Amino acid sequence: MAEILHLRPALPSDADTLRRWDARDHVADASGDPDFNATDWDAELARTADWQDHRIAMLGARQIGMVQMIDAAREESHYWGDVADSVWAIDIWIGEPDCIGQGHGREMMRQALDLCFARPGVGEVRVDPLASNTSAHRFYDAMGFTFTGPRQFGPDHCHVYAITRYAWRKGNDNA
Ligand SMILES: CC(C)(COP(=O)(O)OP(=O)(O)OC[C@H]1O[C@@H](n2cnc3c(N)ncnc32)[C@H](O)[C@@H]1OP(=O)(O)O)[C@@H](O)C(=O)NCCC(=O)NCCS
């Protein structure tokens, strides 16, 4: 029987796992400039804020990846700049190399979008893969996101994709 994938809240005790994943080439390559994007996981996971939701993807009992969801307007670094109150943003990565390309990312993103759009007032979710990360572009295309244009975040050249609540619900027949 296939193992069930679910997203559980990330805990301070996940910091070592996240650092281990950050050191992997396939995660580092997707993360952009390390000076701009390095995350202090101890501080990040210790913080409780209603503008963020960090989840670990569990495949059965195994930790395989991470999903970070943030309210783009209220997130404290203002990474997304001026943005409407209704916009959330997602970062997603699978840390375990043997789990890539098997549909787990699709299921992680499906659950993450359901979590975002379950929040009242969230009308759009954005992602910002590096312009060079063509696999991620195909992944977001396959998930129903729309490419909205290139954008530079600090030193990183990115492609911004977005999906509206309407498009997500329509694509999943649960409007
Ligand atoms: C991006 C990522 C989360 C996708 O998860 P995944 O489990 O590898 O992708 P899936 O197997 O669920 O693929 C879902 C769909 O995306 C597309 N896709 C994913 N990877 C692809 C690739 N390398 N080439 C072509 N299409 C791809 C496929 O169309 C697939 O649809 P299908 O199920 O109909 O074949 C994962 O590959 C990953 O963590 N990569 C490294 C970090 C990263 O790039 N994160 C994104 C940064 S923005």
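For the structure, see preceding data.
Criteria and cut-off values
Residues numbered from 1 in each chain as written. Predicted model: local features only at pLDDT ≥ 70, side-chain atom pairs only at ≥ 80, totals over all residues. Heavy atoms only, no water. Axes fitted to C-alpha atoms, helices over the stretch in contact; angles between N-to-C directions. Helix = DSSP H or I, 4+ residues; strand = E, 2+ residues; numbered from the N terminus. Parallel < 35°, antiparallel > 145°, perpendicular 65-115°, else oblique. Left-handed = near helix turned anticlockwise from the far one by under 90°. Contact = heavy atoms within 4.5 Å. Nonpolar A, V, L, I, M, F, W, Y, C, P; charged D, E, K, R; others polar. Core = buried A, V, L, I, M, F, W, Y, C linked by side-chain atoms within 4.5 Å. Buried < 20%, exposed > 50% of the residue type's maximum accessible area, 1.4 Å probe, protein only.

Visitor: Quick one: what's the story with the packing of helix α5 (residues 104–117) against helix α6 (residues 134–143), residue by residue and with numbers?
Guide: For the pair α5 and α6, interaxial distance at closest approach is 11 Å and the crossing angle is 55°. The angle between α5 and α6 places the two elements in the oblique class. Every pair of crossing elements has a handedness; the one defined by α5 and α6 is right-handed. In this structure, α5 uses G105, R106, M109 and R110 to contact α6, whose residues at the interface are F139, Y140, A142 and M143. Among the residues making up the contact of α5 with α6, the classes are represented as five nonpolar, one polar and two charged.

Visitor: Help me get a handle on the nonpolar core, residues and values and all.
Guide: Grouped together as the largest cluster of nonpolar side chains are 28 residues, with contacts concentrated most on I90, M109, L113, V125 and F145. Broken down by secondary-structure element, the contributors of at least two residues to this core are β1 (5–9), β2 (52–59), β3 (62–71), β4 (87–94), α5, β5 (124–127), α6 and β7 (156–164). The greatest single-element share of this core, amounting to six residues, is contributed by α5. With residues near it in sequence (within four places) discarded, L113 still touches I90, V125, F145, I163 and W168.

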